[in-house]
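Spelled out from the first residue to the last, the chains are:
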Amino acid sequence: MIITKQDALPISVRDVTKTYGDVFALDDVSLEVESGEFLTLLGPSGSGKTTLLMVLAGFTRPDRGSLKFGNDEVIRKPPHLRDVGMVFQNYALFPHMTVAGNVGYPLRLRRVPKAEAAERVERALETVQLSGYGERRIDQLSGGQKQRVALARAIVFEPRILLMDEPLSALDKKLRDRMQIELRHLHEKLGMTTVYVTHDQREALTMSDRIAVVNFGRIMQLATPQQLYDQPENKFVADFIGDSTFLDVERDGEKLVAGTTVLKTTRPVPEGNNLSLMMRPERVRLLENAASEDVNEFTATVSEVVYQGESFLLYAALENGTEMAVRGAIRSGSFTSLPKPGETVRLGLDSADTVILSDREQQL
Amino acid sequence: MTTTDMNAAGLKRDERLERLKLFGLSSPAILLVLVILVIPVGWLFYVSFIGADGSFSLENYERMIKRKSYGRIFLTTFEVSLLTTGLCILIGYPLAYFMSQLPNRIANLCLITVLLPFWTSLLVRTYAWLVLLQKNGLVNKWAISLGLWDEPIKIVHNLNGTLIGMVHIMLPFLVLPTYGAMKAIDRDYLKAAANMGASPARAFWTVFFPLSTPGLFAGALMVFVLCLGFFVTPAVLGGGKVIMVSMKIVSNIELFVNWGAASALGVVLLILTVAVLWLASRFLKLEQMTGGGH
């Protein structure tokens, strides 16, 4: 492929609003996608992520706002003049054309000479590891192959922006995991600015340069996968990305108290009084010896221990009834030696992992 | 008895019994088809080979070849059928397309209006056209008062009238399968085409139209085959000037009481119809092999 990173276009979304009756599908969304970046729109269904993608592709007309590809304002451009590639959720491969017919379709529209078109089709199929499949009919392909053909069709005309609408959601888990890595490699190779929509947080974490968590038609947080996981800005993001349990935190003068524990944290503490402590199950430990200085210690009663193959999940209730979860790896024999329901345990959370969030966003 | 043989015989018997019951359920239908279709058609076939003197003869078929009027009748039949089918496509395809783009509730309402003519009898509809199209009918009167033409013109009792009536009667048979095929086309196909740079017209001709053709072909074929044997409408609106095979069959029986001649016409029409269906099915299969169908 001829695309280089310099050719990719940045996308600038400003104040885009789309309403359906009283419902805000997009509520004043602004977003900058850097040139060549892999950005994921992540959110639950009905959050507005697909609407935003459809605005980028030109299939949904927003009420107002601005959309720029590079320096060009494109918000009023019809979809067929936007020159962006798109992979649809159900692939939308034309059933009346062969694989080569499908992949060559955008080239025929652009009047690319036949010989050159054939070569580019073959190269695109090679890129998605389907060389030699050109003459197959679409209904002869497996789900994974269809996905690759859809991808080949979206990149064959070398668009500078690539949009993907949950392209892996129809595949089984093993194939999905492999395609995630492959898409990532492909993006590194082709370098086009990519906007990817998914509701699968693991997919988003695996693939993205940055993730925009979308809900209520707004962007709740835009950050790298690590920032998003380690330092979510609000309770929605903390809850949506990864597993977490929350404890109410009270301000007692300078001190922060969760249950009976006075919290130590090395992280910034937000303003206000409605605070929560976020705990990732895998960062909470079962303590055997006395806790060291920089560990927050909780005493709880085990309510349930669940076996999950590679790990266990232990639920324990604090004195005030709030439940905490602890996840740990299972090594030989370690599962049987775990505390049993009803036993009292001491749980520890490093001060470096102690993330305190404001509840403010939750009241929207 | 080993455990693997357990119940094997019983299960087999259950399966046989179930199949027998299924056959029992369909036997009335099989009997009906046998009595009202297979036997009469067989009898017709037999009668067509019986001459005027009551012995075996090919004179009924010879007559068809020798007399020029018969050739003309078959030609007229195919011409009228082709014209009707063509006009139905020209009118019906855009109608089906329009309906397929409407929201479901409104589309269903339109569908009912398309089906509405089925609720009145064929004869009534045909005579209604006669009333409308005749010399002093509504169409002529209005056209004259609007100044479209000065004197009453002949719109009925000729090919025009026949076609108007037949297209009207046949249109639903074309619209329904075409509409069905169009409804089944995923809208994402058109979005994908647009996304890759196809203008709306390009997307229509390269994606929507090819995907709708199976329904269009099915509808057109149905209309054509129905037209081949059509009697009432061409008889009433043709005014004796448009003579189709079915009308000749009727006159052979009612006027000349010649069952042999009528049967021979019926047999030839049947063979031609089957030939058309066979050709069409071959054509459609070819279409599928080149990726035309689903």
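These figures come from a predicted structure and were not determined experimentally.

**Considerations on the overall build of chain A**
Consideration 1: Helices and strands together make up the secondary structure of chain A, namely eight helices and 20 strands.
Consideration 2: Each principal axis of the C-alpha distribution contributes one length, and for chain A these read about 75 × 50 × 35 Å.
Consideration 3: The long-range fraction of contacts in chain A, counting pairs at least 24 apart against all pairs at least 6 apart in sequence, stands at 68%.
Consideration 4: Within the structure as shown, chain A displays about 17100 Å² of accessible surface, and the carbon and sulfur contribution to it stands at 46%.
Consideration 5: For chain A, the separation between the mean place of its 44 positive charges and that of its 51 negative charges on side chains is 8 Å.

**Brief notes about the pairing of strand E18 (residues 323-329) of chain A**
Residues and elements named next belong to chain A.
Consideration 1: Pairing analysis gives seven bridges linking strand E17 (residues 311-318) to E18, with the strands arranged antiparallel. Paired with Ser311 across the strands is Ala329, a residue of E18.
Consideration 2: Here E17 hands over to E18 after four residues, with Gly321 in that stretch at a positive phi of 95°.

**Details of the interface of chain B and chain A**
Consideration 1: Contact residues are listed per partner, giving 23 residues for chain B and 22 residues for chain A.
Consideration 2: Carbon and sulfur atoms supply 62% of the area that chain B and chain A bury against each other, a total of about 2000 Å² over both sides.
Consideration 3: Applying the counting rule to chain B against chain A returns zero salt bridges.
Consideration 4: For the pair chain B and chain A, the interface holds seven residue pairs in polar contact (both at pLDDT 80 or more).
Consideration 5: Only helix H8 (187-195) and helix H9 (200-228) of chain B provide two or more residues apiece to the side of chain B that touches chain A.
Consideration 6: Tallied by class, the residues present in the side of chain B that touches chain A amount to eleven nonpolar, eight polar and four charged.

**Concerning helix H3 (residues 68-101) of chain B**
Consideration 1: The terminal C-alpha atoms of H3 of chain B lie 49 Å apart, and with 34 residues this matches the ideal 50 Å at 1.5 Å per residue to within 8%.
Consideration 2: Considering bend angle alone, the principal kink of H3 of chain B is centred on Gly92 of chain B and spans about 30°; proline Pro94 of chain B follows within four residues of it.

**Focus: the domain arrangement of chain B**
A common measure of how large an interface is: the accessible area buried when the components associate.
All names here are of chain B.
Consideration 1: In terms of domains, chain B is made up of domain 1 (1-48) and domain 2 (66-289).
Consideration 2: A straight line from the C-alpha centre of domain 1 to that of domain 2 covers 38 Å.
Consideration 3: Each partner contributes to the interface: domain 1 provides six residues, whereas domain 2 provides six residues.
Consideration 4: Considering only the side of domain 1, the residues that lose the most area to domain 2 are Leu44, Val47 and Ser48, jointly responsible for 66% of the buried surface there.
Consideration 5: The interface formed by domain 1 and domain 2 contains zero salt bridges.

**Comments concerning the sheet that holds strand E1 (residues 11-20) of chain A**
Residues and elements named next belong to chain A.
Consideration 1: The antiparallel open sheet is built from four strands, whose spatial order is E2-E1-E4-E5. Every interior strand has two partners, whereas the edge strands, strand E2 (23-33) and strand E5 (72-73), have only one.
Consideration 2: Relative to strand E4 (residues 64-69), E1 runs antiparallel, the two sharing five bridges. In the sheet register, Ser12 faces E4, and the bridge partner there is Lys68.

**Brief notes about the layout of surface pockets**
Consideration 1: For the largest pocket, the calculated volume is near 460 Å³.
Consideration 2: Around the largest pocket, the lining is made up of 18 residues, and of these Tyr97, Gln101, Arg187, Leu190 and Lys191 of chain B lie nearest the centre.
Consideration 3: For the lining of the largest pocket, the secondary-structure elements that each account for two or more residues are H3, helix H7 (159-183), H8 and H9 of chain B.
Consideration 4: For the lining of the largest pocket, the per-class residue count stands at twelve nonpolar, three polar and three charged.
Consideration 5: When its volume is computed, the second largest pocket comes out at roughly 390 Å³.
Consideration 6: Around the second largest pocket, the lining comprises 17 residues; the ones closest to its centre are Leu286, Glu288, Phe312, Arg331 and Leu338 of chain A.
Consideration 7: Looking at the lining of the second largest pocket, the elements with two or more residues in it are strand E15 (284-286), E18 and strand E19 (344-350) of chain A.
Consideration 8: Among the elements that make up the lining of the second largest pocket, the one with the highest residue count is E18 of chain A (four residues).

**Considerations on the packing of aromatic side chains**
Consideration 1: The full count for this structure, using the stated rule, is 21 aromatic pairs over all chains.
Consideration 2: When the ring of Phe236 of chain A is compared with that of Phe240 of chain A, the centres are 5.6 Å apart and the planes differ by 10°; the resulting orientation is stacked. Residue Phe236 of chain A and its partner Phe240 of chain A are both found in helix H8 (residues 235-240); the two are separated by four residues, about one turn of the helix. Side by side, Phe236 of chain A and Phe240 of chain A carry an identical accessibility label, which is buried.
Consideration 3: Ring centres of Phe204 of chain B and Trp205 of chain B lie 5.0 Å apart, and the angle between their planes is 85°; on these two criteria the pair is classed as edge-to-face.
Consideration 4: With a relative accessible area of 54%, Trp205 of chain B lands in the exposed category.
Consideration 5: Taken together, Tyr93, Tyr97, Phe204, Trp205, Phe208 and Phe209 of chain B form an aromatic cluster joined through their ring pairs.
Consideration 6: Against the face of Phe94 of chain A rests Arg153 of chain A, its NZ or CZ located 4.8 Å from the ring centre.
Consideration 7: Sitting above the plane of the Tyr70 of chain B ring, Lys248 of chain B keeps its charged end 5.4 Å from the centroid.

Rules behind the numbers
Starting from 1, residues in each chain are numbered consecutively following that chain's sequence as written. To read the labels, note that chains go from A and ligands from 1, taken in the order they are written. Per-residue local features are limited, in this predicted model, to residues with pLDDT of at least 70; the limit for side-chain atom pairs, both in listing and counting, is 80 or more; totals at the level of whole chains, interfaces and linings are taken over all residues. Water and hydrogen atoms were dropped before computing side-chain values, which therefore reflect all heavy atoms in the structure. Runs of H or I in DSSP of at least four residues are treated as helices and runs of E of at least two as strands, each being numbered from the N terminus. Note on definitions: a residue-residue contact is assigned when non-hydrogen atoms from the two residues lie within 4.5 Å. Note on areas: these come from Shrake-Rupley sampling with a 1.4 Å probe, and a residue is covered only by the protein chains present in the view. Lys and Arg are tallied as positive, Asp and Glu as negative. Neither His nor the chain termini are counted. Charge positions are represented by NZ for Lys, CZ for Arg, CG for Asp and CD for Glu. If DSSP finds at least two bridges between two strands, the strands pair. In short, buried area is how much 1.4 Å probe accessible area vanishes from two parts on joining, totalled over both. For this document, the term salt bridge refers to a Lys or Arg side-chain nitrogen within 4 Å of an Asp or Glu carboxyl oxygen. Within 3.5 Å is the distance limit for a polar contact, defined as a pair of N or O atoms, with the added protein rule that one can donate a hydrogen and the other accept it, and that residues adjacent in sequence qualify only through two side-chain atoms. Each residue gets one of three labels, nonpolar for Ala, Val, Leu, Ile, Met, Phe, Trp, Tyr, Cys and Pro, charged for Asp, Glu, Lys and Arg, and polar for the others, Gly among them. One less than the number of residues in a helix, times 1.5 Å, gives the span that helix is expected to have. Axes are fitted to the seven residues ending at a residue and to the seven starting at it; the angle between these axes is taken as the bend at that residue. Boundary definitions for the domains trace back to an automatic or database domain assignment. The method works on a 1 Å grid over the protein atoms by themselves. A cavity is a set of points holding a 1.4 Å probe that cannot get out, a pocket is an open set with protein on both sides within 12 Å along at least five of seven lines, and residues with an atom within 4 Å of a point line them. Grid points are joined across faces, edges and corners, and a volume is the space filled by probe spheres set on the points. For this analysis, a ring pair means two rings from Phe, Tyr or Trp (six-membered ring only for Trp) whose centres lie within 6.5 Å, classed as stacked if their planes differ by under 30 degrees, edge-to-face if by over 60, and tilted for the remaining angles. Partly exposed residues are those whose accessible area sits between 20% and 50% of the maximum for their type, while under 20% is buried and over 50% is exposed, using a 1.4 Å probe and protein chains only. Only when the NZ atom of a Lys or the CZ atom of an Arg is both within 6 Å of the ring centre and within 35 degrees of the ring normal do we say a charge sits over the ring.

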